[in-house]
Protein chains: 2
Amino acid sequence: MEPIRLYFDFASPYAYFALPGLEKLAEDHGRELEWRPIILWAVMKAHGIAPPMDLPVKRDYFVTDMKRSAAFHGIPYRHPARLPVSSHLPARVYWCLADTDPSAAKEFGRDVFRAFFTEGEDITSEAAIIRLAARSGLDEAKARDAVGGSVGRAKLAAMVDAAIADGVCGSPFAILDGEPFFGADRLPQIAWRLGSQAKVPG
Amino acid sequence: MEPIRLYFDFASPYAYFALPGLEKLAEDHGRELEWRPIILWAVMKAHGIAPPMDLPVKRDYFVTDMKRSAAFHGIPYRHPARLPVSSHLPARVYWCLADTDPSAAKEFGRDVFRAFFTEGEDITSEAAIIRLAARSGLDEAKARDAVGGSVGRAKLAAMVDAAIADGVCGSPFAILDGEPFFGADRLPQIAWRLGSQAKVPG
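Student: Just checking my understanding: could you explain the environment of A:Pro3 for this structure?
Tutor: Residue and element names in this part refer to chain A. One can find Pro 3 in the segment before strand E1 (4–8). Considered as a pair, Pro 3 and Trp 35 are 32 residues apart in the sequence and their alpha carbons are 9.8 Å apart. Aside from chain neighbours lying at most four places away, what touches Pro 3 is Glu 32, Glu 34 and Ile 175.

Student: So what exactly am I meant to see when it comes to the pattern of salt bridges here?
Tutor: If charged atoms from side chains of opposite charge come close, those side chains can pair. Summed over the entire model, instances satisfying the criterion amount to 36 salt bridges over all chains. The salt bridge involving B:Asp65 is made with A:Arg186; its shortest N-O contact spans 2.8 Å. Highlighted residues: B:Asp65 in helix H3 (residues 56–73) and A:Arg186 in the loop between strand E4 (179–182) and helix H9 (187–196), drawn from two different chains. Here B:Asp65 and A:Arg186 have matching classes, each one buried. Salt bridges sharing partners connect three or more residues here, namely A:Asp65, A:Arg68, A:Glu179, A:Asp185, A:Arg186, A:Arg193, B:Asp65, B:Arg68, B:Glu179, B:Asp185, B:Arg186 and B:Arg193.

Student: So what exactly am I meant to see when it comes to the sheet that holds strand E1 (residues 4–8) of chain B here?
Tutor: Neighbouring strands of a sheet are bound in pairs by backbone hydrogen bonds; such pairs are parallel or else antiparallel. Spatial strand order, E2-E1-E3-E4 (chain B): four strands in an open sheet with mixed pairing. Of all the strands in the sheet, just strand E2 (33–37) and strand E4 (179–182) of chain B have a single pairing partner and so form its edges. The mean angle between the axes of side-by-side strands here comes to 20°, regardless of whether they run parallel or antiparallel. Here strand E3 (residues 173–176) of chain B pairs with E4(B) via four bridges, running antiparallel. Opposite B:Ile175, over in E4(B), you have B:Pro180 as the bridge partner. The sheet contacts of helix H3 (residues 56–73) of chain A involve E3 and E4 of chain B, and relative to E4(B) the element is tilted by about 90°.

Procedures and definitions
Residues numbered from 1 in each chain as written. Chains lettered and ligands numbered in written order. Predicted model: local features only at pLDDT ≥ 70, side-chain atom pairs only at ≥ 80, totals over all residues. Heavy atoms only, no water. Helix = DSSP H or I, 4+ residues; strand = E, 2+ residues; numbered from the N terminus. Contact = heavy atoms within 4.5 Å. Salt bridge = Lys/Arg side-chain N within 4 Å of Asp/Glu carboxyl O. Buried < 20%, exposed > 50% of the residue type's maximum accessible area, 1.4 Å probe, protein only. Pairing = 2+ DSSP bridges. Axes fitted to C-alpha atoms, helices over the stretch in contact; angles between N-to-C directions.

Structure follows, in structure tokens:
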């Protein structure tokens with residue numbers, strides 16, 4: 001069976017809310033969950049989509065909805081002082097780790113979510129990301145290289161291109177057997193599809 | 001108890017999908033469901049929000065999601081040949097009917113949804129809307145006046161202003177005890193709130 005491909009941004013509250021449920025769904029149905037962290041603003045920009053948090057009416061609504069959705073899903077949440085932020089630093093480290101140690105990469109990723117969404121950590125700070133990387137076994141020299149070097153940059157740029165090609169228009173954005181599902185609120189439809197195996201109605 | 005206020009657009013598939021569930025939730029919890037049909041493009045324009053269906057990547061995703069969501073909710077659906085369309089004609093008729101006969105207004109509204117989303121009816125056609133209005137008891141002269149006269153225009157314009165003031169940023173958009181819920185996918189959170197009576201977490 002094909003993996004479930006999951007595009008997301010480390011600074012996306014809805015990705016953070018969706019991840020535990022998606023990991024459980026994938027496991028229950030014997031699928032791999034293939035993490036694909038990207039920087040959403042770069043994908044949106046390529047598609048000509050204005051950042052929703054730039055519009056006051058949407059920002060007001062989404063801040064309310066983010067806090068409520070965390071409570072609804074029963075997930076610890078402290079709304080970040082600054083949102084949106086660019087998540088290119090943790091995404092670069094993830095992609096450097098993923099090649100050599102995929103489970104350390106996911107461990108680092110979960111730690112980034114937890115630090116940003118429950119501890120008020122600034123994930124745009126190089127020092128903070130290097131500290132988080134150390135907890136997943138990257139020594140400081142390697143972490144510095146992952147954060148600022150050309151390898152992490154190149155891998156992340158390639159994933160942003162892949163996301164644009166795959167029609168990603170938000171975060172989280174899952175692709176299951178070629179079918180796209182956007183949003184934490186599509187988990188019930190993913191579960192239904194995994195159970196029903198029916199095709200998209202024409 | 002306060003009614004649940006529901007802003008929506010007659011040409012919004014997600015409003016059509018959400019309506020049966022919202023009517024049931026309102027009934028189960030002894031609340032009135034206060035319909036507030038608006039023309040969404042006018043509200044979006046006032047807020048500076050670009051129509052999502054104008055962006056190819058969003059359009060592709062939403063067409064897939066609309067068809068799938070209909071199947072997921074078990075609701076008959078034939079994707080309209082043209083979408084989005086302006087729903088000002090049925091909205092004007094609704095508001096004219098609502099004053100004198102609220103239940104006929106809702107009956108007309110359900111008929112509009114059914115005609116547009118299952119029968120391929122063109123709800124931008126005056127003749128089609130006059131025919132639908134006749135089924136809810138409006139004679140042709142009154143229906144013509146509701147469709148093109150100043151009363152329907154003025155009532156709809158006032159509702160669009162109310163929607164802008166209430167922070168509406170899409171359709172359907174429900175307000176429950178002052179708390180906003182955007183999207184057919186927020187029904188589980190509305191149900192949870194009606195059951196839990198908890199406050200939005202700060």
